[in-house]
Amino acid sequence: MYKHRVILSTDIGSDVDDALALWYCIKHPQIKLEAVVTVYGKVNLRAKIAQRMLDLAGYDAKVAPGFSYTRTKGKEIWHTGVEGYGILSKEEIEKSEKDATDIAVGVGILYKEILENPKEIDLISIGPLTNIAAHVHTKVIENIKHLYLMGGAIKYPHELNENNLYEHHPLPEPEHNIRCDPDAARDVFDSSLPITLVPLDITRKVLLDEADINLMRARNTELSNAVVSMLDYWLDYRSQQERKKITSTALNDPLAVGVMLNPDIVKMKKAKIKVDTEGRTLVESKEGNVNVCYDVNVQAFKEDFLSKVLR
Ligand SMILES: [Ca+2]
């Protein structure tokens, strides 16, 4: 029996970790996925990828594109160029890119689902926060049960620990999901929404390595083969970028799902988070609406993740 009704807001298709997070949601018996709403750039293509994964799993949930553009003006959208590779045909990719992209049907689905099910639905955000920021001045915000948010960095690339969490130095680097739309992130953090923040500081510690990928390869279902194929394209892309062979990848986005399912796998402290113009997430005070995760039990998380997706 499921324990969590979930809406996922995702930029699936670029970093493969969104597909891994969606796979985890699909396969976890405690999750009932109500809707997948895409965000950032090629939202139609991203929605096609999510829909295909659900179809391969025989899983019924709503899928729709959210905002393609960011709330912050003048931001270039980052794509890898391999979005859809490994799961969609070349024709499907080209066609979905030609579709109009600013309809944002998914934003309406988010609105309707939350208001029809007040305080029943957990929202998991694993992309820029544009879709969620659209609702900060509506009743939606007070009716979301909880927001689990992969994003931000508290000290990264410096080590984060219990003792330096509230210190103002060293400053972190801006993390992708926040940096891509700082205005949206600021609106969400400044709202009254209860948030659990799963920052880069801990997600980078959870690696899917070659042995794990080989287990996935051996699983050999239509869905696992599609995910592994996307994973291979992502590792090739990363290898080209880094000019060396990359064989592992961080489970950033799946960890946000994992923290919702098993909060005991992390250590957290309360905080108020301020977002600066560069997209840094800065701890402003010890009181606030955000649980910041600062430590993770890597083995406990990976055991649950792998056992569920390989089920
Ligand atoms: Ca993502």
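Residues numbered from 1 in each chain as written. Predicted model: local features only at pLDDT ≥ 70, side-chain atom pairs only at ≥ 80, totals over all residues.

**Observations concerning the overall build of the protein**
Assigned secondary structure in the protein consists of 13 helices and 10 strands. Taken over C-alpha atoms, the radius of gyration comes to 18 Å for the protein, in line with the 19 Å a tight globule of 311 residues would show. Along the three orthogonal principal directions, the C-alpha set of the protein runs to about 50 × 45 × 40 Å. Residue burial in the protein is summarised as follows: out of 311 residues, 51% are buried. (Helix = DSSP H or I, 4+ residues; strand = E, 2+ residues; numbered from the N terminus. Rg over C-alpha atoms; globule rule 2.2 N^0.38 Å. Buried ≥ 20, exposed ≤ 12 C-beta atoms within 10 Å, placed from the backbone.)

**Here's the deal with the nonpolar core**
Among the nonpolar cores identified, the biggest contains 96 residues, and Leu-22, Cys-25, Val-198 and Ala-256 are the most heavily contacted of them. Of the residues forming this core, the biggest block, 8 residues, is contributed by helix 1 (residues 17–27). In contact with Cys-25, not counting residues within four places along its chain, are Val-6, Leu-8, Ile-31, Leu-33 and Val-257. (Core = buried A, V, L, I, M, F, W, Y, C linked by C-beta atoms within 7 Å. Contact = placed C-beta atoms within 7 Å.)

**Let's talk about unusual backbone geometry**
Here the bond from Tyr-156 into Pro-157 is cis, since omega is 10°, no more than 30 degrees from zero. Within the fold, Pro-157 resides in the loop between strand 5 (146–150) and helix 7 (176–179). Cis geometry is adopted by the peptide bond preceding Pro-170, which originates at His-169 and carries an omega value of -5°. Along the chain, Pro-170 falls in the loop between strand 5 and helix 7. The backbone of Arg-243 shows a phi angle near 55°, a positive value even though the residue is not glycine. The topology assignment puts Arg-243 in the loop between helix 11 (222–242) and strand 8 (249–250).

**Overview of the pairing of strand 3 (residues 62–65)**
Sheet topology note: the strand 2 (residues 31–38)/strand 3 ladder contains 4 bridges and is parallel. Along strand 3, the bridge assignment pairs Val-36 with Val-63. At this point the chain moves from strand 2, through helix 2 (residues 43–57), to the parallel strand 3, and the crossover so formed is right-handed. (Pairing = 2+ DSSP bridges. Right-handed = clockwise from strand over helix to strand, strands pointing away.)

**Considering the sheet that holds strand 10 (residues 281–296)**
Strand order across the open sheet formed by 8 strands is 3-2-1-4-5-6-10-9, with mixed pairing between neighbours. Of all strands in the sheet, those bounded by a partner on one side alone are strand 3 and strand 9 (266–275). Within this sheet the neighbouring strands show an average axis-to-axis angle of 25°, counted without direction. Across the sheet, helix 1 lies against strand 1 (4–10), strand 2 and strand 4 (121–126), angled at about 165° from strand 1, the strand it touches most. (Axes fitted to C-alpha atoms, helices over the stretch in contact; angles between N-to-C directions.)

Worth remembering: the numbers are spatial, not functional.
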